[in-house]
Amino acid sequence: MSRATGISQTKLRYWERKGYIKSKQGKNQNRKFSYSMLIKAYQIKLFLDQGYTLAVAAEKAENKNNTLKLVRRVIFDRFEDVATYDNHPAINLGYFDEDKDKLLYAVIYDDGTQFKLVPAGTEKID
């Protein structure tokens, strides 16, 4: 965790004692951190670098992790396929309406993402 995040082992142990991050005991007294804890620790570090106190940084990281869990759920619930729309990558997010006559695509452009509705049954959206 220390090598991956650039956070000293001393700080990580302190954060763990304070309850900001959690680990499981591995072999030889080594700590094992989940991927989500690695991300949370790194977010705490980024917030600290922005000048927040440790308590506020940890709270902001926790809030961000909770938000990302919701986003991840939406993506897993809605993701159907990857396609191309107007020569840009597009994520098929499934049917837009209860009648299932329109599909929702998130089209990814260089300057951002736009949503497009496409008639269902359209074989090629490019």
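As shown above, the structure is provided for reference.
Enquirer: Quick rundown of the sheet that holds strand 5 (residues 102-109)? Include the residues and the values.
Expert: Taken together, 4 strands build an open sheet; the order of strands is 3-4-5-6 and the sheet is antiparallel. Each of the sheet's edge strands pairs with one partner strand only, and the pair in question is strand 3 (81-85) and strand 6 (112-119). Strand-to-strand twist across the sheet, computed as the mean angle between neighbouring axes with direction ignored, equals 35°. The pairing of strand 4 (residues 88-95) with strand 5 spans 4 bridges and is classified as antiparallel. In the strand pairing of strand 5, Ile91 is matched with Ala106.

Enquirer: Explain the environment of Leu38 to me, and be specific about the residues and the numbers.
Expert: With respect to the element layout, Leu38 can be found in helix 3 (residues 35-49). Residue Leu38 is classed as partly exposed on the basis of its relative accessible area of 24%. Expressed as a C-alpha distance, the spacing of Leu38 and Ser2, which sit 36 residues apart in the sequence, is 9.2 Å. Apart from the residues within four sequence positions on either side, Leu38 is in contact with Met1, Ala4 and Thr5.

Enquirer: Go over the pattern of salt bridges, please, and point to the residues and values.
Expert: Summed over all chains, the structure comprises 4 salt bridges. The salt bridge involving Glu62 is made with Lys40; its shortest N-O contact spans 2.5 Å. One end of the pair, Glu62, is in helix 4 (residues 54-78); the other, Lys40, is in helix 3, and 22 residues separate them in sequence. On the basis of relative accessible area, Glu62 is assigned to the partly exposed category, the value being 30%. A relative accessible area of 7% places Lys40 in the buried class. Of the charged contacts in the structure, one is a salt bridge between Lys45 and Asp49, with a shortest N-O distance of 3.4 Å. Of this pair, Lys45 and Asp49 both sit in helix 3, 4 residues apart, roughly one helical turn.

Conventions and cut-offs
- Residues numbered from 1 in each chain as written.
- Predicted model: local features only at pLDDT ≥ 70, side-chain atom pairs only at ≥ 80, totals over all residues.
- Heavy atoms only, no water.
- Pairing = 2+ DSSP bridges.
- Helix = DSSP H or I, 4+ residues; strand = E, 2+ residues; numbered from the N terminus.
- Axes fitted to C-alpha atoms, helices over the stretch in contact; angles between N-to-C directions.
- Buried < 20%, exposed > 50% of the residue type's maximum accessible area, 1.4 Å probe, protein only.
- Contact = heavy atoms within 4.5 Å.
- Salt bridge = Lys/Arg side-chain N within 4 Å of Asp/Glu carboxyl O.

Honestly, that's just the spatial picture; any functional story needs more than this.
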